[in-house]
Every structure is written in structure tokens, then in C-alpha cells.
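Remarks on the overall topology
Read off the chains here:
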Amino acid sequence: MRVVLAEDSVLFREGLARLLQGAGFDVVGQVGDAERLLALVRTSRPDVAVVDIRMPPAHTNEGLVAARTIRQEAPGVGVLILSQYVEAEHAMRLIADGADGLGYVLKDRVSNLAQFAEFVRQVGEGGSVIDPAVVSLMLSRSRTRGPLDDLTAREHDVLALMAEGRSNQAIGERLFLSPKTVETHVGSIFSKLGLLPAPDDHRRVLAVLTYIRS
Amino acid sequence: MSYPRLIVLALVGLLVGAVGEWASVVNGQHAVIAGVDLAVGLTYLTAGLVAMRRRPGNRIGMLMTAFALAWFIGAWGNVSVAREFGEVPVYGFDQVRVVIWFDALNQAVLVHLILAFPSGRLSSLASRLVVTAAYANVLILGLARAATLDFFGAGAADARFQGVLGLYPDFELANSLHRAYEAAGIGVLLAVVAILLRRWRAATPAARRALAPLWLAGMAFAVSITLAAPSIVGGATPSTTEVVCCTGGLGYPGDSYLEVPERVREVLFWLARGGQILVPIAFLFGLLRMRLDRMSVSDFVLELGEGPPPGRVRDALAIALRDPSLALAFWARETGGYVDAAGSSVELPGPESGRAVTVLERQGQPVVAILHDPALDEHKELIRALGTVAALAFENEQLRAELQAQLDEVRASRSRIIEAGDAERRKVERDLHDGAQQRLVTLTLALQMARGELAEDVDPRLATALQEATDELRLALTELRELARGIHPAILTEDGLGPALASLAARCVVPATVQSAPQRRFSPTVEATAYFVVSEALTNVGKHARASRVDISVGVHDGRMIVEVADDGVGGARPERGTGLRGIADRVAALGGRLECSSPPEQGTRVVAQIPCA
């Protein structure tokens, strides 16, 4: 999988490149700011761009802006945003126009290389990843009445775990349910949220988005 | 003027008047008329002496006294008809002629008096000319007329009656001179009327108030004389006419050319007398009203005692002195000049400006200058009395202004301190993210790389140590992130109040909803203050309220941001006992806003902050 890195700290960038290469990724380019990132994406067409949210010149949310541009110019390129903070607002804004091939995770996630590599891979394959800390923050939010109110308590739990990016297998283990039962719950959630059959991952993302946006 | 001198003057006046009128009566003058004449003169004398005593700096008193004497001298014309006293003349005809020469002097003095009232000075060129003309008429034309007067007709047998002033008895010449004399008299009167009318039109209310009674009296007098008859006007006072009448109308030139019915003449005579007697009464009334105005000082004091709002002293003073144009100039110690209420520099008007200035001092230092209508110059004492009272109020106002300036400065500096603090917090937050946090993340990465370098069969203790170090690092990063967030949330700087409040609501342990939040950006300090208000309120809700929900709303009305956090908890919050909300309230107050907390038991808690955000 072809990866480009955009991060203004050279030390971090080089280290991350080595780790990703060690994990089997093909790091085809590294840049230090958003402008060069856009140029690099245009020329090398990677599968995924790993982008620091804060980059020169202003060090605020250049990464987010660049991500949006990439989504428009090269829809096939996944973008994984690395953030220093846990802000649902950033995630919401990122996925406002569709979550495919987008990710928003804390920079600290590099401390678990296996998990981080999985994030990169999911985004590279067109999936979507939202940092578990952000998701749990969103889950604790109060909600007004919406489609989720039709879910049973158990379906709620399942959806919450889905939103944390867990597989059916992991959800079953967590809730002490058989994979079969989890699948039933997932199917029920999809139908209650009005999600038509489609590749499962896509429906999972939509269900999670419904959850997050509610 | 001292009492002895006044008494001497009073006695002289009385004597002159009494002798004149007594002579009039003895010579056949109607006692009532003589009595009225005496009354007119004595009224002037009294008013003049009182005025000289009470207002020694003012010429009006002197003019009124002079008028009284001139008036009585006119009556002395009657004394002259010595034949009634047998062969013992009291005065010879020379003296009669002297009297006739001066018989119109009282009119000139009256013109002077009317035009000089109330200041005692002739302020305009026109009035100076008119008064000069009036005196000149009497002194020059009057002399010429008296010199040529042919008292008993040409070739009078009794040479005794051809006195010094009758050097050139010439009936025709005397007649012409007399007509000129009359015309000049009428001209003077018309000029007086014109000047009074013009002054009335141009006068401020204060001036009208000061002059009204006198002008009414003066104009009534002038009009009545003007209308009466040229013969009367020419003779200038009825006394002269009476002299002529009493002396048997001996060749007095004016008699011949205007027929005035006796009845009309009588009415006009009384009108003229009434008008004359009103003049000194008007002046006395003016003096008396000075007393009444002193009463308005006490009203003024009471008014000021009410605690006048700034600028009210001027208004109260303007009302007490009835001069709407009144203005105040405050002495500014720092600049050594005068400033107006708004603090702009003010030049005091010069003597030619048509404005008068009264400066109030305290301990030799000017406090305030009162710019007022010159008509109030007569009331300098009153202005000073009011001013002395007002000086205290001025000083109050001054202190108040200084205090206000200091307060403004303190407020501004308080707000600047908050702003500086905010800027510092933002910088610290940023440094934490870009410095320490970035380094720790990189360190995490390095640990991962180190772990990757190690073979699979590494000493488990080393692997554990590395893992523990990694875990510690993650905790440190999390704590650091929360710390930075507490110092100043990056999302507030980057995305504004709405997202930042949503983020706060998401972190609240009680279900919290942002009902409304402005889309636009505000100054960093305003945004941070609103944010910390909500943050602190939500913290308190989480800790104490036992609420099931909390609503956050932020709106902007009239340049003020209204931040409201309301829960449905147990209420009974005591913001004055906790340091958190009080600190926030101080912060809000530093920006000129207000923080209110209402928390009745069992009815939830509502925190509302108003923050100026224009």
C-alpha cells in the first residue's frame, strides 16, 4: 500500500516512515506542509496520505483543509488525519461530506504500532476511522430524540462498540454474545436506521455516523 | 455711601422738593398735583438713596437721586412768580430763566436712567448718542431758548423782568428755538422708544426679566408724553407748562399751535405722572426681587442636595438665574486653563463678546467660570451666592469626573490584564502542543522503533520495561492534552465559540445541549470569557446540581453577548461561597460585563453572563 506522509516535525516523520515501512507499507513521499502535500498527492497518487492536522504556516488546521482538497481532487486517495487533541468537531467536519477513505486519530496512536497500521490500512482501503477517544466522547453526549431512540438497549451497546471500530467478533467477546447474535443485532440496527443492504463496511460507517451525528 | 452723606442728600432733596412744591401751591397750583409731584420726586429720591446704599458700584442710584433733584428744580419755576409775595420777591426772573433753562433736565436724566438701566452704564453707541443729545438739547438749545425768551412780550415795561438770560428778547427767535427744542425732545423720546424696542427684541429671557418692569414704565411715560402735545413735550415737563400757565400764559410760544382739550390733557397728565412714578417703583421692585432671588438660592441648594446627575449643576444654575444661555467653564489645574464639561479647552469670552463672566474662586484658585448674560451683571452677588453653593457641587462633579477617569483607567487596565493573560494562556497551550507534546509523541515513536529493533526472543523484562514506558508516555500525553485544554482550548482559537461549546457540552457528565451559539467570531478575550463561564458553570452542574439536563445558549443583543447556562437540578447554589464562579464573575466584570446566578432551591440553577462584545 502506497503511503505519503505530511508532518512538519522531521524527526517524527522519519520515524513514522520507518515504522510504516517496517509494517509493510510503501512510503512513497514525505513532506512538511500542506502545499507540498497537495503537489505530492497529484504526482504520486498514493493510496493513503497520513496528514498532521497542524502544519505550517499557521499551525492550526491546515491538515483538515488539505484533506478536503484531496477528497475533491483525488477521491481515490484516503486521508488519515493525525490530531493532537480530541475534538469531535474536527471529526465531524472532516466526514461531513462522506466518510469513505477518511480517518481522524490521535497522534499518540503511534504508540501502538499494530493498531496504527490497521488505521492506515482501513483508510487506504476506503474505510473510515475515527479515534476511539473521539467516539467515546461523542457517545457520552446528550442527544435529542432521533432514529436511535428506536434501538433497544442491547442494540445501543452494539452500535456504540461498532462506533469504536470493533468487529462483530470483538463486540461479541465484549458483550458475551455469540457472533450470530451480534450479527442479528447489527442487522436490526441497520434496518431500524433505514440502511439498505450494501457492502457491510459501508453500512457500518453510516450507522456509526448516524450515531455520532445524533 | 455712608449714612451721614445719604442723610444729608435726603435732607437736601426733601428741602428742595418741599420748597418747590410749597411755592407751587402758594402760586395757585392745585394741591393734589403738587402733592403728586412731590410724591414722584420723593419716590425717586428714596429709591435712588436706597440704591446708592445697597449698590454703591452702580450709577442707577445716583441717576435716580439726580432725577429727583432735577425734578424738584423744575418745580422751582413756580417759586419765581414773586408778585404773589408782594414786593418781596423770593427770586428774581434771572433765576426763573435759570429754572426754565434747566426745566427739561429731569427729562434728560430720565432718558439716561432708562437707557442705563440696569447696569448703570450706557453699553451701546446709540444709547450714548441719545443721552448726549438729550443733555445737549437741554444745555444748549435750552439756554438759547431761555436767553431769547420774551417773558412778558416785547418791550415789557418792567425792566426788572429783563434778566441776564433775557439779554436778547426776541419773540420770533424764541419761537423758532422753542420749536427746535420741542422737535429735539420728541426725537430723543422716539430714539429711546426705538432703542428699548430693539433691546427687547434682542434680549435674552434673563435680560427681559430684569428690564421688563422698567421698560414698561419708561415706555408708558415716553409714549404718554409724546402723545400729549408738542407744547408739553417742548416744555419737557408739565411743570414748565404749569409755570407758563401759572404765569398767565404770557407769550409762551407753544400754546398757540396745538389745541388739546382740557380733559385729554388731564388724562395724559395723570398717565405721565403714573409712568414716572412707576420707574423708581420698578427699580425698587428689582431690588426687592433680588431678595426673592436669594430665596431661589435655597431652592438651588435643595436641588443640588438631591444629588444632581453630572451636568445638572449647570441646568440648576441656569434655572435659578433664568438664563438658558448660561455655560460653565471648569478650571483645569493640570493645564492651567478652562475646560467645558466634555473636557475640551475653553477660552473665556472677552469684554466685547456680549457675554459676561463671573469667576468663582476657592482658596485663591479659580474653580469655575460662569459665562452668563451681561444682564445678570446686576445680580453678581446673587451669582456669587449661587456660585458658592455650586462650587461645592462643582468640586463634587470634578471629583466625580476624576474618579470616573480613574475608574475607566482601572477598568481598561483590568481588561488589558485579562487580555494579556489570555494571550499568555494561548501561547502556553500552543507551546505545550508544539513543544512538549510533539516531543513526547516523537519519543513514543522512538520507543516503538526501539521495540521493533529488538529480536523476538528479547529478555521479557526489557520488553515489559519498554511497554511500561510506552504506557506511561501515553498517560503523560493524555494528561498533557487535558492540561493544555484546561489552559486554553485550541478548538476555541481555531474554530470559535460554537464548536468549543459543543466540545464542552460533549465532555459534561450531565447531558448538555448547546441550544444556540453565534456563528461569527469575537475577540479572543470575549470568546475565552464566554467559554470559561460555560466551562465553570458546567463543572458546577456536574459537581453539585444533580441535574438531568443542562442547556447552554449564547446570543448577542445590543453589543452584549448573553451567555446562559441553565440546569434542572436541585438549585441552592451559593456562588459567593465558591471560588470558581467568583473568579469567572471577576473576569466578566473586568470586561465591563456582569454575571448573575439565580439558584432557588429545587428550581435549578441559572447562570447568566453579559459580556460587552461590540
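Remember, predicted model here, so these are calculated numbers, not experimental data.

The rules behind these values
- Residues numbered from 1 in each chain as written.
- Chains lettered and ligands numbered in written order.
- Predicted model: local features only at pLDDT ≥ 70, side-chain atom pairs only at ≥ 80, totals over all residues.
- Heavy atoms only, no water.
- Helix = DSSP H or I, 4+ residues; strand = E, 2+ residues; numbered from the N terminus.
- Contact = heavy atoms within 4.5 Å.
- Areas by Shrake-Rupley, 256 points an atom, 1.4 Å probe, with all protein chains shown as cover.
- Buried < 20%, exposed > 50% of the residue type's maximum accessible area, 1.4 Å probe, protein only.
- Buried area = accessible area lost by both parts, 1.4 Å probe.
- Salt bridge = Lys/Arg side-chain N within 4 Å of Asp/Glu carboxyl O.
- Axes fitted to C-alpha atoms, helices over the stretch in contact; angles between N-to-C directions.
- Parallel < 35°, antiparallel > 145°, perpendicular 65-115°, else oblique.
- Left-handed = near helix turned anticlockwise from the far one by under 90°.
- Nonpolar A, V, L, I, M, F, W, Y, C, P; charged D, E, K, R; others polar.
- Patch = residues over 30% accessible without salt bridge, like charges linked within 9 Å, V, L, I, M, F, W, Y side chains within 5 Å.
- Lys, Arg positive; Asp, Glu negative; His and termini not counted.
- Charge placed at Lys NZ, Arg CZ, Asp CG, Glu CD.
- Pairing = 2+ DSSP bridges.
- Polar contact = N/O pair within 3.5 Å; in protein donor to acceptor, adjacent residues only side chain to side chain.
- Core = buried A, V, L, I, M, F, W, Y, C linked by side-chain atoms within 4.5 Å.
- Domains from an automatic or database assignment.
- Phe/Tyr/Trp six-rings, centres within 6.5 Å; stacked < 30°, edge-to-face > 60°.
- 1 Å grid on protein atoms, 1.4 Å probe; cavity = no way out; pocket = protein on both sides within 12 Å on 5 of 7 lines; lining within 4 Å.
- Points joined across faces, edges and corners; volume = space filled by probe spheres on them.
- pLDDT = per-residue confidence, 0-100.

A count of helices and strands for chain A gives ten helices and six strands. Sequence-distant contacts, at least 24 apart, represent 64% of the contacts inside chain A between residues at least 6 apart. When the accessible surface of chain A is split by element, carbon and sulfur atoms take 51% of a total near 8900 Å².

This part covers the overall build of chain B. In terms of helices and strands, chain B carries 18 helices and ten strands. Residues classed as buried in chain B amount to 47% of the 614 residues present. Relative to all contacts within chain B whose residues are 6 or more apart in sequence, the contacts with residues 24 or more apart total 69%.

What follows concerns the interface of chain A and chain B. Counting residues at the interface gives 32 residues for chain A, matched by 30 residues for chain B. The junction of chain A with chain B conceals about 2800 Å² of combined surface from both sides, 52% of it contributed by carbon and sulfur atoms. Summed over the three residues of chain A that lose the most area to chain B, namely Q84(A), D108(A) and S111(A), the buried surface amounts to 21% of that side. Counting the contacts that link chain A with chain B gives three salt bridges. When contributions to the side of chain A that touches chain B are tallied by element, the ones reaching two or more residues are α1 (10-22) and α4 (88-94) of chain A. Examining the composition of the side of chain A that touches chain B, we find that six residues originate from one element, α1(A), more than from any other.

Moving on to the packing of helix α7 (residues 153-163) of chain A against helix α8 (residues 168-175) of chain A. Helix-helix packing: each pair is described by the crossing angle between the helix axes and the interaxial distance. Residue and element names in this part refer to chain A. In contact at an axis separation of 10 Å, α7 and α8 are set at 130 degrees when each is read in the N-to-C sense. The pairing of α7 with α8 is recorded here as oblique in orientation. Between α7 and α8 lies a crossing of right-handed hand. Contact with α7, carried on its side by R154, D157, V158, L161 and M162, involves I171, R174 and L175 of α8 and no other residues of that element. Taken together, the residues of the contact of α7 with α8 sort by class into five nonpolar, no polar and three charged.

A separate point is a negative patch on the surface. A cluster of acidic residues, E468(B), D471(B), E472(B) and E479(B), forms a negative patch on the protein surface. Relative to the helices and strands, D471(B) resides in helix α14 (residues 460-487).

Residues and elements named next belong to chain A. What the six strands build is an open sheet, ordered β2-β1-β3-β4-β5-β6; its pairing is parallel. The open sheet has two edge strands, β2 (26-31) and β6 (128-130), and neither has a second partner. Taken pair by pair, the neighbouring strands of this sheet meet at an average axis angle of 20 degrees, ignoring direction. Strand direction decides the pairing type here: strand β4 (residues 78-83) and strand β5 (residues 102-106), joined by five bridges, are parallel. Across the sheet, L80 pairs through a bridge with G103, a residue of β5.

All names here are of chain A. When you line up the elements, D33 lands in the loop between β2 and α2 (34-44). Considered as a pair, D33 and R54 are 21 residues apart in the sequence and their alpha carbons are 9.0 Å apart. If near-sequence neighbours (up to four positions away) are discounted, D33 is found in contact with M55 and P56. A distance of 2.9 Å separates the side chain of D33 from the backbone nitrogen of R36, its partner in a polar contact.

We now examine the nonpolar core. All names here are of chain A. By size, the foremost hydrophobic cluster in this structure holds 56 residues, and its most contacted members are L37, V51, I81, L159 and M162. A total of six residues in this core trace back to one element, the largest contributor, which is α7. Among the domains, domain 1 (2-129) and domain 2 (142-213) are the pair contributing at least three residues each to this core. Once you skip the residues sitting within four places of it in the chain, L37 turns out to touch V4, A6, V31, A49, V51, A66 and I70.

This part covers the packing of aromatic side chains. By convention here, two paired aromatic rings are described through the distance between centres and the angle between planes. Residue and element names in this part refer to chain B. The full count for this structure, using the stated rule, is four aromatic pairs over all chains. Their ring planes at 40 degrees and their centres at 4.1 Å tell us that Y44 and F67 sit as a pair that is tilted. Highlighted residues: Y44 in helix α2 (residues 31-54) and F67 in helix α3 (residues 59-79), separated in sequence by 23 residues. By the burial criterion, Y44 is buried, and F67 matches it.

All names here are of chain A. Note on placement: F190 falls in helix α9 (residues 179-192). With relative accessibility at 2%, the residue F190 sits in the buried group. In the structure, F190 is positioned 31 residues away from L159 in sequence and 9.8 Å away in space, judged by C-alpha atoms.

What follows is about unusual backbone geometry. Residues and elements named next belong to chain A. Of note, the bond from P56 into P57 is cis; its omega dihedral lies within 30 degrees of zero at 10 degrees. At R45, a position not held by glycine, the phi torsion is positive, near 45 degrees. Looking at where R45 falls in the secondary structure, it is placed in the loop between α2 and β3 (48-52). The class of R45 is partly exposed, set by a relative accessible area of 45%.

It is worth spelling out empty space enclosed by the protein at this point. Following the criterion strictly, the structure yields five cavities of 30 Å³ or more and no others. Taken as a whole, the second largest cavity spans an internal volume of roughly 80 Å³. Forming the boundary of the second largest cavity are 14 residues, of which Y85(A), E87(A), H433(B), R481(B) and R485(B) lie nearest the centre. Counting residues per element, the lining of the second largest cavity draws most heavily on α14(B), at four residues. Looking at the lining of the second largest cavity residue by residue, the classes come out as six nonpolar, two polar and six charged.

With that out of the way, let us pick up the confidence of the model for chain B. Residue and element names in this part refer to chain B. Residues of chain B with pLDDT of at least 70 account for 76%, and the chain-wide mean is 77. Averaged over each element, pLDDT in chain B is lowest for helix α10 (residues 238-246) (35) and highest for strand β8 (residues 560-567) (95). In the predicted complex, the global pTM is 0.53; the interface-specific ipTM is 0.71.

Per the stated rule, a full pass over the model turns up 19 salt bridges over all chains. Its salt-bridge partner being E73(A), residue R42(A) comes within 2.9 Å of it at the nearest N-O pair. One end of the pair, R42(A), is in helix α2; the other, E73(A), is in helix α3 (residues 62-73), and 31 residues separate them in sequence. Its relative accessible area of 37% is what places E73(A) among the partly exposed residues. Here D434(B) and R430(B) are joined by a salt bridge, their closest N and O atoms 3.9 Å apart. With D434(B) and R430(B) both in helix α13 (residues 380-453) and four residues apart, this pair spans about one turn of that helix. Here D434(B) falls in the partly exposed class, since its relative accessible area comes to 33%. If you follow the salt bridges from partner to partner, you end up with E7(A), D52(A) and K107(A) in one network.

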